[in-house]
Amino acid sequence: MTQTSVDQTSVAQTDFIERLKELNLNRGDVLVSFDVQSVFTSIPRELAKRALKSAMEGNPGFLAYQKLSLSELMGLLSLCLDLTYFRFRDYTYHQRKGTPMGSPISVVVAEIVMQRLEAQLLSAAPSFLKLWTRYMDDVFAILDSKNVEPFFSHINSIEPPIQFSIELEIDQLPFLGVYVKCEGDTPRTSVYRKPKHTDRLLDYDSYYPDRHQRSVIRTLWNRVGKVCSTVESKNAEKKHILQVFRNNGYPSRIIRKWTKTRRTDTPEQRPHTTLRATIPYIKGASEVTARVLRDNGVQVEHKTLNTLQRNLTKNTYNGTTFDLVITDKARLLGRSKHTIMCGQHLAHYVLELDKF
């Protein structure tokens, strides 16, 4: 019996692994990666409008919840898609193709268009397609090697402006941080890191609440059991991340404690918090305050007051007076260049800031 698993929505890493476990591979099956070329700028606007209208018409509950009619919503969406003017270096441009750059609506539009495209190309899933799973514009598929080229031509013929590229591997391919390798009739999985991955984590001595460092250890440690499918890959991954923890300054006693202790209570058993409080973070004192408030039903978030931005925007720092100058050229490049004059000394700082 041929086993096929297709999905017309973006999947998460956990869902992807669970679907791999259900597969039985045959000789001749290969791993294929399809990638949409420039998805945001390749989507025709008329196609986007048709896809959005069809999605809303197919969801009566959504329209019933809205105060605007379908025609009014489509009018607003048309404004967002068509009035795509932007400025760059004192010139005004009009983007005539694709979804608006930098607009929050672009991600939603791209996802809806991709779902519409998948519905067409997978309406009658061919028997040779064992697996089709997608995350945004990246697709991981398993199919018979004899049908790779015909299927590749088929998916590129659905909407000519939207073209896929292809990466074909016989028995191993990464996807969503998972390294998939076919051994016999069963896919094996392990953790995948890009070649340029630095293994740089939040340093243990960083001025953050200890729950952040604890989360770093527990997240990577728990990922071993979720992603690695064999004893060998689990042992290798544990050995690797233990060394990574040590390289980032985590003491051995902390590593042992936070890799062995697990929460035994369920979300239903945890105290219900309806109140939230944001307090300045002071290392050592804020953790105690947060525990007391949490026991009394208050969820605590921390914020840091002593930030570099706050200090640089003042005219004095540690008793030293300086002048702050921000150059327009650096701002255009997405950076803020700060020239700080301190007596006879001149120091230049180029800081990556979202807002200054």
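Just so you know, these numbers come straight off a predicted model, no measurement behind them.

Asker: Please set out the overall build of the protein chain residue by residue, giving values where relevant.
Answerer: In terms of regular secondary structure, the protein chain is built from 13 helices and 17 strands. The burial tally for the protein chain puts 32% of its 356 residues in the buried class. Accessible area of the protein chain: about 22,500 Å², with a carbon and sulfur share of 52%.

Asker: Can you break down unusual backbone geometry residue by residue, with the values?
Answerer: The phi dihedral of Leu176 is positive, around 55°, even though this residue is not glycine. You can call Leu176 partly exposed: its relative accessible area is 25%. The backbone of Asp199 sits at a positive phi, close to 60°, despite the residue not being glycine. By the secondary structure assignment, Asp199 is in the loop between β10 (186-191) and α8 (210-227).

Asker: Give a detailed account of the pairing of β10, specifying residues and quantitative values.
Answerer: Across 6 bridges, strand β9 (residues 178-183) lies against β10 in antiparallel orientation. Its bridge partner being in β10, Glu183 is matched across the sheet by Thr186. Remark: 2 residues form the turn of the hairpin made by β9 and β10, two consecutive strands paired antiparallel; Gly184 in that turn has positive phi of roughly 70°.

Asker: Could you give me a rundown of the pattern of salt bridges, with the residues and numbers involved?
Answerer: Pairing between side chains of opposite charge can happen when the charged atoms of each approach one another. Tallying each qualifying case throughout the model produces 15 salt bridges. Between Arg87 and Asp90 there is a salt bridge whose closest N-O contact spans 4.0 Å. Here the two residues Arg87 and Asp90 agree in accessibility, since each one is exposed. For Arg193, the salt bridge is made with Glu237, and the minimal N-O distance between the two is 2.4 Å. Of the two residues, Arg193 is situated in the loop between β10 and α8 and Glu237 in helix α9 (residues 231-247); the sequence distance between them amounts to 44 residues. Arg193 gets classed as partly exposed once you look at its relative accessible area, which sits at 23%. Salt bridges linked by common partners bring Arg193, Asp199, Arg223 and Glu237 together as one network.

Asker: Residue-level account of the confidence of the model for the protein chain, with values.
Answerer: The pLDDT averaged across the protein chain works out to 80; a share of 79% of its residues lies at or above 70. Across the protein chain, the element-wise mean pLDDT spans from 40 in helix α13 (residues 328-332) up to 94 in α9. A low-confidence stretch, residues 325-356 stays under pLDDT 50, and its non-local contacts, those more than four residues away or across chains, total 60 contacts.

Asker: Give me the lowdown on the pairing of β9, citing residues and values where you can.
Answerer: On any regular strand, side chains alternate: one points to one face of the sheet, the next to the other face. Residues of β9 alternate between two faces, with Val178, Val180 and Cys182 buried on one and Tyr179, Lys181 and Glu183 left unburied on the opposite face. Linking strand β8 (residues 172-175) back to β9 in an antiparallel pair, the connection comprises 2 residues, with Leu176 at a positive phi of about 55°.

Asker: Outline the side chain of Thr133, listing residues and values.
Answerer: Looking at where Thr133 falls in the secondary structure, it is placed in strand β5 (residues 129-135). Here the side chain of Thr133 touches Arg19 through a polar contact of 3.3 Å, side chain to side chain. Leave out the neighbours within four places in its chain, and Thr133 touches Val11, Phe16, Arg19, Asp138, Val139, Phe140 and Phe175.

What counts as what
- Residues numbered from 1 in each chain as written.
- Predicted model: local features only at pLDDT ≥ 70, side-chain atom pairs only at ≥ 80, totals over all residues.
- Heavy atoms only, no water.
- Helix = DSSP H or I, 4+ residues; strand = E, 2+ residues; numbered from the N terminus.
- Buried < 20%, exposed > 50% of the residue type's maximum accessible area, 1.4 Å probe, protein only.
- Areas by Shrake-Rupley, 256 points an atom, 1.4 Å probe, with all protein chains shown as cover.
- Pairing = 2+ DSSP bridges.
- Salt bridge = Lys/Arg side-chain N within 4 Å of Asp/Glu carboxyl O.
- pLDDT = per-residue confidence, 0-100.
- Contact = heavy atoms within 4.5 Å.
- Polar contact = N/O pair within 3.5 Å; in protein donor to acceptor, adjacent residues only side chain to side chain.

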